[in-house]
Amino acid sequence: MNDPTPTEQPATDSKPLPSPLRSSLGGLIASGMAIALYRVTGAISQGFAQKPLHSDNALVVKISIAVRTLVVGLSTLATFIFAIVAVALFALAIQAAVQQFKQRPST
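To start, this report covers the structure provided alongside it. (Residues numbered from 1 in each chain as written. Predicted model: local features only at pLDDT ≥ 70, side-chain atom pairs only at ≥ 80, totals over all residues. Heavy atoms only, no water.)

**Concerning the overall build of the protein chain**
Part 1 of the argument: Within the protein chain one finds two helices and zero strands.
Part 2 of the argument: Buried positions account for 11% of the 107 residues belonging to the protein chain.
Part 3 of the argument: Taking the contacts inside the protein chain whose residues are at least 6 apart along the sequence as the reference set, 83% of them involve residues at least 24 apart. (Helix = DSSP H or I, 4+ residues; strand = E, 2+ residues; numbered from the N terminus. Buried < 20%, exposed > 50% of the residue type's maximum accessible area, 1.4 Å probe, protein only. Contact = heavy atoms within 4.5 Å.)

**A word on a nonpolar patch on the surface**
Part 1 of the argument: A contiguous nonpolar patch, built from Leu70, Leu74, Leu77, Ile81 and Val85 and spanning about 450 Å² of accessible area, is present on the exposed surface.
Part 2 of the argument: Along the chain, Val85 falls in helix α2 (residues 58-103). (Patch = residues over 30% accessible without salt bridge, like charges linked within 9 Å, V, L, I, M, F, W, Y side chains within 5 Å. Areas by Shrake-Rupley, 256 points an atom, 1.4 Å probe, with all protein chains shown as cover. Salt bridge = Lys/Arg side-chain N within 4 Å of Asp/Glu carboxyl O.)

**Some remarks on the environment of Met33**
Part 1 of the argument: As for its placement among the helices and strands, Met33 is situated in helix α1 (residues 20-50).
Part 2 of the argument: When the C-alpha positions of Met33 and Ala86 are compared, they lie 9.2 Å apart, and in sequence the two are 53 residues distant.

**Remarks on the packing of α1 against α2**
Part 1 of the argument: Where α1 meets α2, the closest approach of the two axes is 8 Å, and the angle between their N-to-C directions is 160°. Here α2 runs roughly antiparallel to α1, going by the angle between their axes. Crossing of α1 against α2: the hand is left-handed.
Part 2 of the argument: Residue composition of the contact of α1 with α2, by class: 22 nonpolar, 11 polar and one charged. (Axes fitted to C-alpha atoms, helices over the stretch in contact; angles between N-to-C directions. Parallel < 35°, antiparallel > 145°, perpendicular 65-115°, else oblique. Left-handed = near helix turned anticlockwise from the far one by under 90°. Nonpolar A, V, L, I, M, F, W, Y, C, P; charged D, E, K, R; others polar.)

**Some points on the side chain of Ser23**
Part 1 of the argument: Among the structural elements, Ser23 can be located in helix α1.
Part 2 of the argument: Leaving out residues up to four positions away in the same chain, Ser23 has contacts with Pro18, Leu89, Leu92 and Ala93.

**What to know about α2**
Part 1 of the argument: Taking 1.5 Å per residue, 46 residues should reach 68 Å; α2 reaches 67 Å between its end C-alpha atoms and fits that length.
Part 2 of the argument: Against α1 lie the buried residues of α2.
Part 3 of the argument: Near the N-terminus of α2, the side chain that reaches the backbone nitrogen of Leu59, with its oxygen 3.2 Å away, is that of Asn57. (Expected span 1.5 Å × (residues − 1). Polar contact = N/O pair within 3.5 Å; in protein donor to acceptor, adjacent residues only side chain to side chain.)

**Looking at the side chain of Thr79**
Part 1 of the argument: One can find Thr79 in helix α2.
Part 2 of the argument: Assessed through its relative accessible area of 8%, Thr79 is described here as buried.
Part 3 of the argument: Contact partners of Thr79, with chain neighbours within four places excluded, come to Ala34, Leu37, Tyr38 and Thr41.

**Concerning α1**
Part 1 of the argument: Taking 1.5 Å per residue as the helical rise, α1 with its 31 residues ought to reach 45 Å, and the 45 Å between its terminal C-alpha atoms agrees with that figure.
Part 2 of the argument: Every buried residue belonging to α1 is among Pro20, Ser23, Gly27, Ala30, Ala34, Thr41 and Gly47, and all of these are buried.
Part 3 of the argument: On the buried face of α1, the contacting elements are α2.

**Considerations on the environment of Gln99**
Part 1 of the argument: Looking at where Gln99 falls in the secondary structure, it is placed in helix α2.
Part 2 of the argument: Take Gln99: its relative accessible area is 34%, and that puts it in the partly exposed class.
Part 3 of the argument: In sequence terms Gln99 and Pro20 are 79 residues apart; their C-alpha atoms lie 10.0 Å from each other.

From the geometry alone we can't say anything about function, so treat these as descriptive.
So this is what it looks like as structure tokens:
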């Protein structure tokens, strides 16, 4: 319990970066999903805008507005998450390519 010298050393080995090709492929997949979700979000919001609420009950109208806002908000959130992931993966691909270029032995 009172061991003054720790026997475990912190791991300093870092995992190598994935290849630029793999990161770029992931970025393409994520950007494709972001574009698809963007189109779905637009279709959802236009569909909600074209179908007005038909109720005289104030509670029904408020709940319907809340549900519509929640659906469009979650769809928009998913769109931006995939867009940010795509940008990050492309940046990782650039970083991995630069590191591979720097580590290449000069002949």
